[in-house]
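Fold and contact review
Okay, here's what each chain looks like letter by letter:
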Amino acid sequence: MTALRATALLTLAALAAGCQSAEDGAEPAAAPATSDSTVSTGTAVPATSAASTPSGSPSAVTAANTDEVCRAVDKLILTGSKKIVADSADATRDEATNEELDARLKRTLSGLADGVRKQAARAEDPQIEALIRATAKQLDAGARSASPVKWMSTTFVNIPPKLARECRA
């Protein structure tokens, strides 16, 4: 089962790299004094429900539920990552084949995509909705991938940092 263990280790490494910013507790350098909410990736989120943006920006007002939706997506990604790690560890312990591990990972990614898509439907801000729908599509691609482990090491690892940058009020 050497190939299976290598696959499981690659999965764990990919997830560790992708979720490191979500778990390292890094705080932003200059969080606004009035901000009392923080996305679990460490990105400060203003507590106001309708913050104005500069006049040249695409949206003049941020939707009231953006912080809530972004937090929910972040939690889903973190929970899904932990499930993938558990699936990989179980596959190694059970001496599952690479195909069985791939099937487990695909099911988890598919379920994660469904959960993320539900959050996109809740988003009141069209830009946030589009970002989250695009994330769900990426997860769907991983679930359809011939090699979900490879997909995670090349694509999944980029999802948490992108959400930390772009999914905020």
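Everything that follows concerns the structure shown earlier in this document.
Basis of the calculations
Residues numbered from 1 in each chain as written. Predicted model: local features only at pLDDT ≥ 70, side-chain atom pairs only at ≥ 80, totals over all residues. Heavy atoms only, no water. Helix = DSSP H or I, 4+ residues; strand = E, 2+ residues; numbered from the N terminus. Buried < 20%, exposed > 50% of the residue type's maximum accessible area, 1.4 Å probe, protein only. Contact = heavy atoms within 4.5 Å. Phe/Tyr/Trp six-rings, centres within 6.5 Å; stacked < 30°, edge-to-face > 60°. Salt bridge = Lys/Arg side-chain N within 4 Å of Asp/Glu carboxyl O.

Looking only at helices and strands, the protein chain has 6 helices and 2 strands in total. From first element to last, N terminus to C terminus, the protein chain shows the α and β order α-β-β-α-α-α-α-α. For the protein chain, with 169 residues in total, the buried portion stands at 42%. Once local pairs closer than 6 in sequence are excluded, the contacts in the protein chain between residues at least 24 apart make up 67%.

Right, let's talk about the packing of aromatic side chains for a bit. Applying the stated criterion to the full structure yields 1 aromatic pair. Between Trp151 and Phe156, the ring centres sit 6.0 Å apart and the planes meet at 50°, which makes this aromatic pair tilted. In terms of burial, Trp151 and Phe156 fall into one category: buried.

Moving on, we get to the pattern of salt bridges. The full count for this structure, using the stated rule, is 8 salt bridges. Linking Asp94 and Arg104 is a salt bridge whose minimum nitrogen-to-oxygen distance equals 3.4 Å. On the criterion of sequence distance, the pair formed by Asp94 in the loop between α2 (66–93) and α3 (98–122) and Arg104 in helix α3 is long-range, its members being 10 residues apart. Its salt-bridge partner being Glu129, residue Arg133 comes within 3.1 Å of it at the nearest N-O pair. Residue Arg133 and its partner Glu129 are located together in helix α4 (residues 126–144), separated by 4 residues, close to a single helical turn. Looking at Arg133, the relative accessible area reads 32%, which means it is partly exposed. The structure contains a network of salt bridges with shared partners spanning Asp114, Arg117 and Asp140.

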